[in-house]
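Take a look at the letters that make up each chain.
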Amino acid sequence: MILALLLDLANIAGGFLLAIALLRRLPRVGDDLARFAERAAPFGWIVGIVALAVGVAYLLMHLLAGPRVFHFEIVGIGVGLALLWDRLTGRRGPDQPSPAADGPTGRALLLAIFGIVAIIVGLQGLFTPD
């Protein structure tokens, strides 16, 4: 039960860090969210490790013991890989657009949309019984 909570919280927090490129465009709250994300970004690698480790643990558990693979762990693994991409490969991830730009494009947009999906999956996991 604690691992499920960790996976859900890692999906929510990691999704927030990935989706901030889109969330900063929200009226009235976007600037506050962007400032919070800038303060939380140095700790994103911790969220990535938790999401990756717990996602892989649940994936192995569900592959070996059943009943089936759930989307929670697949999204958790994706969040972990996205947050740890620069540490795993040694290459930088997609750059964030400047505030004057129209918004994220290309890979940054794809990661931001995946971040929104991760937030939704994390919230769904909080309300889904184990």
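Residues numbered from 1 in each chain as written. Predicted model: local features only at pLDDT ≥ 70, side-chain atom pairs only at ≥ 80, totals over all residues. Heavy atoms only, no water.

Tell me about the overall build of the protein chain, and name the residues and values.
When you go through the protein chain residue by residue, the secondary structure sums to six helices and zero strands. Reading the helices (α) and strands (β) of the protein chain from amino to carboxyl end gives α-α-α-α-α-α. Relative to the compact-globule value of 14 Å for 130 residues, the protein chain shows a C-alpha radius of gyration of 15 Å, a close match. For the protein chain, the spread of C-alpha atoms along the three principal axes comes to 50 × 35 × 25 Å. Per-residue burial over the protein chain gives 35% buried out of 130 residues. Within the protein chain, counting contacts between residues at least 6 apart in sequence, those at least 24 apart form 73% of the total. Of the roughly 8,100 Å² of accessible surface on the protein chain, 68% is carried by carbon and sulfur atoms. The averaged location of the 9 negative side-chain charges in the protein chain is 4 Å from the averaged location of its 10 positive side-chain charges. (Helix = DSSP H or I, 4+ residues; strand = E, 2+ residues; numbered from the N terminus. Rg over C-alpha atoms; globule rule 2.2 N^0.38 Å. Buried < 20%, exposed > 50% of the residue type's maximum accessible area, 1.4 Å probe, protein only. Contact = heavy atoms within 4.5 Å. Areas by Shrake-Rupley, 256 points an atom, 1.4 Å probe, with all protein chains shown as cover. Lys, Arg positive; Asp, Glu negative; His and termini not counted. Charge placed at Lys NZ, Arg CZ, Asp CG, Glu CD.)

Which residues make up the pattern of salt bridges, and what values do they have?
Under the counting rule described, the total for this entry stands at one salt bridge. When the shortest N-O distance is used, the salt bridge between Asp 32 and Arg 35 registers 2.3 Å. Remark: Arg 35 and Asp 32 occur in helix H2 (residues 30-40); sequence separation between them is three residues, near one turn of the helix. Owing to a relative accessible area of 43%, Arg 35 belongs among the partly exposed residues under this scheme. (Salt bridge = Lys/Arg side-chain N within 4 Å of Asp/Glu carboxyl O.)

Any details on the nonpolar core? Residues and values, ideally.
Judged by nonpolar contacts, the single largest core of 22 residues is most densely connected at Phe 16, Leu 23, Val 79 and Leu 83. Per-element accounting of this core gives the leading share, nine residues, to helix H1 (residues 2-23). Once residues within four sequence positions are removed from consideration, Val 79 is found in contact with Ala 10, Asn 11, Gly 14, Gly 15, Leu 18, Ala 51, Phe 114 and Ala 118. (Core = buried A, V, L, I, M, F, W, Y, C linked by side-chain atoms within 4.5 Å.)

Give a detailed account of unusual backbone geometry, specifying residues and quantitative values.
Look at Arg 28: it is not a glycine, yet its phi comes out positive at around 75 degrees. Among the structural elements, Arg 28 can be located in the loop between H1 and H2.

Give me the lowdown on the packing of H1 against H2, citing residues and values where you can.
In contact at an axis separation of 10 Å, H1 and H2 are set at 145 degrees when each is read in the N-to-C sense. As H1 packs across H2, the resulting crossing turns out to be left-handed. Between H1, through Phe 16, Leu 17, Ile 20 and Leu 23, and H2, the contact on the second element is made entirely by Gly 30, Leu 33, Ala 34, Phe 36, Ala 37 and Ala 40. Here the residues of the contact of H1 with H2 sort into nine nonpolar, one polar and no charged. (Axes fitted to C-alpha atoms, helices over the stretch in contact; angles between N-to-C directions. Left-handed = near helix turned anticlockwise from the far one by under 90°. Nonpolar A, V, L, I, M, F, W, Y, C, P; charged D, E, K, R; others polar.)

Explain the environment of Ile 113 to me, using residue names and the numbers behind them.
Tracing the sequence through the fold places Ile 113 in helix H6 (residues 107-127). Taking the C-alpha atoms as reference, Ile 113 lies 8.2 Å from Leu 18; in sequence the two are 95 residues apart.

Give me the packing of helix H4 (residues 71-83) against H6: which residues, what numbers.
Orientation of H4 relative to H6, taken along the N-to-C sense of each, is 140 degrees, at an axis distance of 10 Å. In terms of orientation, H4 and H6 fall into the oblique class. Note on packing geometry: the crossing formed by H4 with H6 is left-handed. Here His 71, Phe 72, Val 75, Gly 78, Val 79 and Ala 82 of H4 come into contact with H6, specifically with Leu 111, Phe 114, Ala 118, Val 121, Gln 124 and Gly 125. A per-class count over the contact of H4 with H6 returns eight nonpolar, four polar and no charged. (Parallel < 35°, antiparallel > 145°, perpendicular 65-115°, else oblique.)

Please set out the packing of aromatic side chains residue by residue, giving values where relevant.
Counted according to the given criterion, the structure contains one aromatic pair. Plain terms: the ring middles of Phe 16 and Phe 36 are 5.7 Å apart, the flat faces sit at 50 degrees to each other, and that makes the pair tilted. Here Phe 16 is found in helix H1, whereas its partner Phe 36 is found in helix H2, with 20 residues between them in sequence. In this structure Phe 16 comes out as buried when scored by relative accessible area, which is 14%. By relative accessible area, which is 46% here, Phe 36 ends up partly exposed. (Phe/Tyr/Trp six-rings, centres within 6.5 Å; stacked < 30°, edge-to-face > 60°.)

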